[in-house]
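Here's the letter readout for the chains.
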Amino acid sequence: TELWLGDNHIATADEAAVKRLAAKAPLSFLSLDANRLTQLPTTFGLLTQLTELRIASNDLQHIPPESLGKLDALQVLLLSCNKLAALPEDMGYLPKLRTLHLYNNFLSHLPSSVAGWSSLAELHMQDNLIETWPPDFHTLSALRVVNAG
């Protein structure tokens, strides 16, 4: 099941609504691009069937632990064009993640747990404030594209 909610001026994602959505249908695709979200509820972690999540072009400043790090099936995550300064450590435990867009944020580092991104092939990080790369970054053997310029 796919749910496209992009460009709808959504400012909040209600915890209870996400919980009801998770209970009703096995959602594999969710687009919340181009809205006004400033944060995500922790109940996003209940959307365990998601393979693609698009939350680009919002005003996200913070991602709470246990919101995205529980999405074991996630393969594509688009978080570009937000206001993120950091990512929670549990985001490093997404073993099926293949494509990650984090460009145009305020990130100064990646989680030290990036070794958990064992399937990551594409990482787009341009226009951030990256000062250091995690020590285990070199272990990402599936990585084919890194755009950090």
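The structure this text deals with has already been given above.
Sequence order as written defines the numbering, with residues in each chain counted from 1. pLDDT decides what is reported in this predicted model: residues at 70 or higher carry local features, side-chain atom pairs at 80 or more are listed and counted, and totals for whole chains, interfaces and linings draw on all residues regardless. Calculation of side-chain values draws on the structure's entire complement of heavy atoms; hydrogens and water are dropped beforehand.

**Side note on the overall build of the protein**
Link 1 in the chain: The secondary structure content of the protein amounts to 1 helix and 7 strands.
Link 2 in the chain: Of the regular secondary structure in the protein, the N- to C-terminal order runs β-α-β-β-β-β-β-β.
Link 3 in the chain: At 14 Å, the protein has a C-alpha radius of gyration in line with the 15 Å of a compact globule built from 149 residues.
Link 4 in the chain: For the protein, the spread of C-alpha atoms along the principal axes amounts to about 40 × 25 × 20 Å.
Link 5 in the chain: Think of it in three bands: residues with accessible area under 20% of the maximum for their type are buried, residues over 50% are exposed, and the middle band is partly exposed, with areas taken using a 1.4 Å probe on protein chains only. Out of the 149 residues belonging to the protein, those deemed buried represent 44%.
Link 6 in the chain: Put simply, 37% of the contacts in the protein that link residues at least 6 apart link residues at least 24 apart.
Link 7 in the chain: Using the Shrake-Rupley algorithm and a 1.4 Å probe, accessible areas are obtained, with residue cover drawn only from the displayed protein chains. Carbon and sulfur atoms make up 51% of the accessible area of the protein, which totals about 7,300 Å².
Link 8 in the chain: This count recognises Lys and Arg as positive and Asp and Glu as negative, with His and chain-terminal groups excluded. Where a charge lies is defined by one atom per residue type, namely NZ (Lys), CZ (Arg), CG (Asp) and CD (Glu). Positive and negative charge centroids in the protein, built from 10 and 15 side chains respectively, lie 8 Å apart. Helix and strand definitions follow DSSP, with helices as H or I runs of at least four residues and strands as E runs of at least two, each counted in order from the N terminus. Computation of the radius of gyration draws on C-alpha atoms, with the globule rule given as 2.2 Å multiplied by the number of residues to the power 0.38. Contacts were defined at the residue level, with two residues in contact if any of their heavy atoms lie within 4.5 Å.

**Some thoughts on the sheet that holds strand E4 (residues 76–78)**
Link 1 in the chain: What the 7 strands build is an open sheet, ordered E1-E2-E3-E4-E5-E6-E7; its pairing is parallel. Either end of the sheet is taken by a strand with one partner, and the two such strands are strand E1 (2–4) and strand E7 (145–147). Strand-to-strand twist across the sheet, computed as the mean angle between neighbouring axes with direction ignored, equals 5°. When DSSP finds two or more bridges between a pair of strands, those strands are recorded as paired. Think of each axis as a best-fit line through the C-alpha atoms, taken over the contacting stretch in the case of a helix, with angles from 0 to 180 degrees between the N-to-C directions.

**Some remarks on the nonpolar core**
Link 1 in the chain: Residues grouped as a nonpolar core are buried Ala, Val, Leu, Ile, Met, Phe, Trp, Tyr and Cys residues, joined through side-chain atoms within 4.5 Å. Ranked by internal contacts, the top residues of the largest apolar core, which has 35 residues, are Phe44, Leu53, Leu68 and Leu79.
Link 2 in the chain: Not counting residues up to four positions away in its chain, the partners in contact with Phe44 are Ala13, Val18, Leu30, Leu32, Leu53, Ile55, Ser67, Leu68 and Leu71.

**A few points about the side chain of Gln126**
Link 1 in the chain: Position of Gln126 relative to the elements: it lies in the loop between strand E6 (122–124) and E7.
Link 2 in the chain: In contact with Gln126, other than residues within four places in its own chain, are Tyr103, Asn104, Asn147, Ala148 and Gly149.

**A closer look at the packing of aromatic side chains**
Link 1 in the chain: Note on aromatic pairs: the rings of Phe, Tyr and Trp (six-membered ring only in Trp) are paired at centre separations within 6.5 Å, and the planes decide the class, stacked below 30 degrees, edge-to-face beyond 60, tilted for the rest. Enumeration according to the criterion identifies 2 aromatic pairs in this entry.
Link 2 in the chain: Here Trp4 and Phe29 contribute two aromatic rings whose centre-to-centre distance is 4.4 Å and whose plane-to-plane angle is 35°, an arrangement assigned as tilted. Of this pair, Trp4 sits in strand E1 while Phe29 sits in strand E2 (residues 29–31); the two residues are 25 residues apart in sequence, bridging distant segments of the chain.
Link 3 in the chain: In this structure Phe29 comes out as buried when scored by relative accessible area, which is 6%.
Link 4 in the chain: Their ring planes at 45° and their centres at 4.8 Å tell us that Trp133 and Phe137 sit as a pair that is tilted.
Link 5 in the chain: Accessibility expressed as a relative area gives 37% for Trp133, which makes it partly exposed.

**A few points about the pattern of salt bridges**
Link 1 in the chain: Any carboxyl oxygen of Asp or Glu that lies within 4 Å of a side-chain nitrogen of Lys or Arg is treated as forming a salt bridge with it. Evaluation of the coordinates by the stated rule reveals 3 salt bridges.
Link 2 in the chain: Between Asp59 and Lys83 there is a salt bridge, with its nearest N and O atoms 3.6 Å apart. Residue Asp59 is located in the loop between strand E3 (52–54) and E4, and its partner Lys83 is located in the loop between E4 and strand E5 (99–101); the two are separated by 24 residues in the primary sequence.
Link 3 in the chain: The exposure class of Asp59 is partly exposed, given its relative accessible area of 28%.
Link 4 in the chain: Lys83 gets classed as partly exposed once you look at its relative accessible area, which sits at 40%.
Link 5 in the chain: Between Lys70 and Glu66 there is a salt bridge, with its nearest N and O atoms 3.8 Å apart.
Link 6 in the chain: Using a relative accessible area of 43% as the deciding quantity, one classes Lys70 as partly exposed.

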